Amino acid sequence: MAILSDENRDDVTEVFEQMDGEVTAHVFTDGDCEYCGETVELNEELASLTDLYTVEVHEMDSEAAEEWNATKYESAPVTVLTDGEIRGVRYYGIPSGQEFGAYVRDIVAVSTGESGLDESIKAELAEIDEPVNIKVFVTLTCPHCPQAVETAHKFAIENPNITSEMVESQEFMDLAQQFGVRGVPQVNINDEAAEFTGAQPPQQFLEQVKAAL
C-alpha cells in the first residue's frame, strides 16, 4: 500500500518542479528499526516523482554509514540529503507527519542550493568558520517544529561548517532524555552550549547560534 495519497503525489510533483539539480537521499537502516522500512518506502515514492531525486539505502554497519557519520546516535533511520557538496541536512527519524512538508522543501532547497534566507543573514552565516552542530528535537504531531527544522537546515545549506539534525524525540528517546527534552521544538547547539524551545525567526535563531560559539 502506498504511503503517499494521490493528492500528496500531485502536491509534491508540483513542488519538485522547482528542482534544478540532482539530490541523493542516503537512508541508513538496521534490522531492529521500527520505521526504517517506511522511511525507505517514503523516499522511493518521492523518487518516482522526479528524475532528480535518487535514494541510496545503506546498513548502519556499512562503510557509507561510517563515511556519513550516520551511527553517531546508534539508532535508525537516518537520512542525509546531499547534492554532492551539501552534507549537513540530516533527519534522525522518519520525515513524516508534520515534518513531511519540511522534508520536501528541504529536497528542493538542497537541489537549488538556495536557502531563501535574507542576504544579511547569509553574510553572518558565512563568517562562521568553526564546526557547529544543531539538533532540533521534534515530534511528528508538532505544528511549530517544521519551521525550526527548516531554519536549521537552511543554515547548513549556507555554511558547510554547520550540521543540522532533525531528531524525532519518540524514535530517539534515549537521546531526547539525555538532552532533557520537555517540549518541542527544542534546539540544542553544540550539545550543551545553548538550548532554546520554540520556532524562532531566522535572525533570532542565528543569534542563538552565534552566542554558542
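In this report, the structure presented in the accompanying data block is examined. (Residues numbered from 1 in each chain as written. Predicted model: local features only at pLDDT ≥ 70, side-chain atom pairs only at ≥ 80, totals over all residues. Heavy atoms only, no water.)

### Description of unusual backbone geometry
Across residues other than glycine, the phi torsion is negative in most instances, and most of the peptide bonds are trans.
And then number 1: Here the amide bond leading from Ala 76 into Pro 77 is cis, since omega sits at 5°, within 30 degrees of zero.
And then number 2: Note that Pro 77 resides in the loop between helix H3 (63–67) and strand S3 (78–82).
And then number 3: Note that the residue after Val 184, namely Pro 185, is joined by a cis bond; omega there is 0°.
And then number 4: Here Pro 185 shows up in the loop between helix H7 (173–178) and strand S7 (186–189). (Helix = DSSP H or I, 4+ residues; strand = E, 2+ residues; numbered from the N terminus.)

### A closer look at the pattern of salt bridges
And then number 1: This model, assessed by the stated rule, comprises six salt bridges.
And then number 2: Note that Arg 105 is salt-bridged to Glu 150, the shortest N-O span being 2.7 Å. One end of the pair, Arg 105, is in helix H4 (residues 99–112); the other, Glu 150, is in helix H6 (residues 145–158), and 45 residues separate them in sequence.
And then number 3: For Arg 105, a relative accessible area of 41% gives the class partly exposed.
And then number 4: A salt bridge links Lys 122 to Glu 119; the nearest nitrogen and oxygen atoms lie 3.3 Å apart. Taken together, the residues span about one helical turn, with Lys 122 and Glu 119 both in helix H5 (residues 119–126) at a distance of three residues. (Salt bridge = Lys/Arg side-chain N within 4 Å of Asp/Glu carboxyl O. Buried < 20%, exposed > 50% of the residue type's maximum accessible area, 1.4 Å probe, protein only.)

### Examining the environment of Met 19
And then number 1: Within the secondary structure layout, Met 19 lies in the loop between helix H1 (6–16) and strand S1 (23–29).
And then number 2: Distance in space between the C-alpha atoms of Met 19 and Asn 133 is 27 Å, their sequence separation being 114 residues.
And then number 3: In this structure, Met 19 is in contact with Thr 50, Leu 52, Ile 107, Val 108 and Ser 111, ignoring residues within four places of it in sequence. (Contact = heavy atoms within 4.5 Å.)

### Things to note about the sheet that holds S3
And then number 1: One open sheet accounts for eight strands, arranged S2-S1-S3-S4-S6-S5-S7-S8; its pairing is mixed. Bordering the open sheet on either side are strand S2 (53–59) and strand S8 (194–197), each of which pairs with just one other strand. Across this sheet, the average inter-strand angle for adjacent strands is 15°, counted without regard to direction.
And then number 2: Pairing between strand S5 (residues 132–138) and strand S6 (residues 162–168): seven bridges, direction parallel. Residue pairing for S6: Val 138 is matched across the bridge by Glu 168.
And then number 3: Most of the contacts of H4 go to S3, to which it runs at about 35°, and overall it touches S1, S2, S3, strand S4 (89–92), S5 and S6. (Pairing = 2+ DSSP bridges. Axes fitted to C-alpha atoms, helices over the stretch in contact; angles between N-to-C directions.)

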